[in-house]
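# Structural features, examined
Take a look at the letters that make up each chain.
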Amino acid sequence: SKDTGKNKFTIFDSKMEEELNRNTLIVEVLRNAIDNKEVYIQYQPLIELETTTVIGYEALMRIRSERLGSITPEEFIPIAEESGLIIELSSWLLKEVCNFNKELIDMGIPPRPVSVNISSIQINRPGFISLLREVLEETGLPPQYLELEITESSLVSSIMDATELLNTLQELGVKVSLDDFGTGYSSLNYLTKMPINTLKIDKSFIDNICYSEKDSQIAKSIIQLAHSLNIKVVAEGVEYENQLALLKEQKCDIIQGFIYSGPLHAPALIDMIRKA
Ligand code: C2E
Ligand code: CA
Ligand code: CA
Ligand code: CA
């Protein structure tokens, strides 16, 4: 509009309009991302602390568009969820990732689980379990080499009873990891009552463990409790030696963080696994 004066409301409106436009553009990019090959996957190694070997890897979705350049998951995942496009994108990703992990096994690389982030929108779809079955069957990936990363908040908001869902996943034979632990909904209920294999302590928590005695104590207690329940613990976003040393002392099992490696393209991941 021509009528942009010094009116605060007009300025606010134009800022909102800009955001709306970017939103619309991102939806457009996401809608065509698979066809245009503007979506791809990186893998971040998970390192076992005791042996410093790669014991798994997390698949992370990436968007690089001709029109908008790289868009971070922080920006595009919420838009993909709101628009429903997450369904198509994550189904694509799940197939790619299972296929990739099966290929590694076929190459003679000792099998390790690949982890995939599952959004609450996916979990709440009636077809989710059948999609999983279908993908595992189509790709031939043994189910124990697929791990689903689920947040506590999506378990809480699940239409299916959380225990029922996790039991079904366990019957299917896939692994389950409780993601972003320590943020928001943390309920010890989930730990003691739910069949989960791994717990991932969120980066926001790991950031402070060397500077906050309280956070350090909480991390220690979480690790001890998890171990008493036969659950492995991953520390996310470990960047510094002092964090690593502390986590080692606290008997944390697995490290995911820049201190060992950021997310990698598939060939770089394969190189890293082979060198070890
Ligand atoms: P997340 O599941 O907590 O994934 C870990 C994030 O931490 C990744 O960010 C990873 O690159 C980053 N990270 C790992 N180690 C370090 C470190 O040492 N330092 C720092 N600063 N960052 C580290 P990314 O790839 O940007 O993903 C952000 C979030 O987007 C993920 O958080 C996840 O919630 C979501 N996301 C990514 N890919 C997918 C996907 O395929 N599906 C769904 N539903 N969500 C996804
Ligand atoms: Ca994750
Ligand atoms: Ca996480
Ligand atoms: Ca996180």
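Numbering of residues starts from 1 in every chain and runs along the sequence as written. Chain letters and ligand numbers both follow the written order, the letters beginning at A and the numbers at 1. Where totals are concerned, whole chains, interfaces and linings use all residues; where local detail is concerned, this predicted model gives features only for residues with pLDDT of at least 70, and gives and counts side-chain atom pairs only at 80 or more. The basis for every side-chain value is the complete set of non-hydrogen atoms in the structure, without hydrogens or water.

### A look at the coordination of the calcium ion (ligand 3)
Let me state the cut-off plainly: Distances decide who is a donor: an N, O or S atom must be within 2.8 Å of the metal, or within 3.2 Å for Na, K and Ca. Water is not included, so sites may look incomplete. Only protein chains enter the calculation, and the probe is 1.4 Å; a residue is then buried if its accessible area is under 20% of its type maximum, exposed if over 50%, and partly exposed in between.
With distances of 1.9 to 2.8 Å, the protein atoms coordinating the calcium ion (ligand 3) are Asp179 (OD), Asp180 (OD), Glu236 (OE) and Glu236 (OE). The metal-metal distance between the calcium ion (ligand 3) and the calcium ion (ligand 2) is 3.6 Å, with Asp179 serving as a donor to both. Taking the relative accessible area as the measure of exposure, Asp179 reaches 5% and is therefore buried.

### Remarks on the nonpolar core
Where we set the bar: Throughout this description, the term nonpolar core refers to a set of buried Ala, Val, Leu, Ile, Met, Phe, Trp, Tyr and Cys residues connected via side-chain atoms within 4.5 Å. Contacts: residue pairs with any heavy atoms within 4.5 Å of one another.
In terms of nonpolar packing, the biggest core is built from 81 residues, with Leu146 and Leu169 touching the most fellow members. The contacts of Leu146, once residues within four sequence positions are left out, are Leu94, Cys98, Val114, Val116, Leu132, Leu136, Leu141, Val174 and Lys175.

### Some words on the site of ligand 1
Where we set the bar: Residues are counted as near a molecule or strand when any one of their heavy atoms sits within 4 Å of it. Here a polar contact is recorded for every N or O atom pair within 3.5 Å, except that within protein the pair must consist of a potential hydrogen donor and a potential acceptor, and residues adjacent in sequence are included only if both atoms are side-chain atoms. Per-residue accessibility takes into account occlusion by the displayed protein chains alone, with areas from the Shrake-Rupley method and a 1.4 Å probe. What counts as a helix is a DSSP run of H or I of at least four residues, what counts as a strand is a run of E of at least two, and both are numbered from the N terminus.
Taken together, 21 residues lie around ligand 1, and Gln44, Arg62, Asn117, Glu239 and Phe258 are the ones closest in. Taking Asp179, its side chain carries an N or O atom lying 3.2 Å from an oxygen atom of ligand 1. A distance of 3.5 Å separates an oxygen atom of ligand 1 from a polar side-chain atom of Glu236. Burial of ligand 1 by the surrounding chains reaches 82%, relative to a free accessible area of 810 Å². If you list the elements that add at least two residues to the shell around ligand 1, you get strand S2 (54-65), helix H2 (73-83) and strand S6 (175-181). By residue number, the principal contributor to the shell around ligand 1 is S2, which donates four residues.

### A look at a negative patch on the surface
Using the following cut-off: Excluding any residue in a salt bridge, patches collect residues exceeding 30% relative accessible area, merging like charges within 9 Å and nonpolar Val, Leu, Ile, Met, Phe, Trp and Tyr side chains within 5 Å. For this document, the term salt bridge refers to a Lys or Arg side-chain nitrogen within 4 Å of an Asp or Glu carboxyl oxygen. Charge counting follows a simple rule: Lys and Arg are positive, Asp and Glu are negative, and His as well as the terminal groups are ignored. By convention, charge coordinates are those of NZ in Lys, CZ in Arg, CG in Asp, or CD in Glu.
Negative charge collects at one region of the surface, where Asp13, Glu17, Glu18 and Glu19 lie side by side. Inspection of the secondary structure assignment puts Asp13 in helix H1 (residues 8-32). Under the relative-accessibility criterion, Asp13 is labelled partly exposed at 44%.

### Observations concerning helix H3 (residues 85-106)
What counts is decided by this rule: Helix span is expected to be 1.5 Å times the residue number reduced by one.
For H3, which comprises 22 residues, the first-to-last C-alpha distance of 32 Å matches the rise-based estimate of 32 Å (1.5 Å per residue) to within 8%. Immediately beyond the C-terminal end of H3, within one or two residues, lies Gly108, with a positive phi of roughly 90°.

### Digging into the packing of aromatic side chains
Rule in force here: Aromatic contacts are taken between Phe, Tyr and Trp rings whose centres are within 6.5 Å, Trp giving its six-membered ring; a plane angle under 30 degrees counts as stacked, one over 60 as edge-to-face, and the others as tilted.
Enumeration over the complete set of coordinates arrives at three aromatic pairs. Pairing Tyr43 with Tyr57 gives two aromatic rings, centres 6.2 Å apart and planes at 90°, and the pair type is edge-to-face. Here Tyr43, found in strand S1 (residues 39-48), pairs with Tyr57, found in strand S2; they are 14 residues apart in sequence, far enough to count as distant. The exposure classification of Tyr43 matches that of Tyr57, with both residues buried. Here the aromatic rings of Tyr43 and Phe100 are separated by 4.4 Å at their centres, their planes lie at 25°, and the arrangement is stacked. Pair noted here: Tyr43 is in strand S1 and Phe100 is in helix H3, with a separation of 57 residues, a long-range link. Given a relative accessible area of 4%, Tyr43 falls into the buried group. Taken together, the aromatic side chains of Tyr43, Tyr57 and Phe100 make up a single cluster linked through ring pairs.

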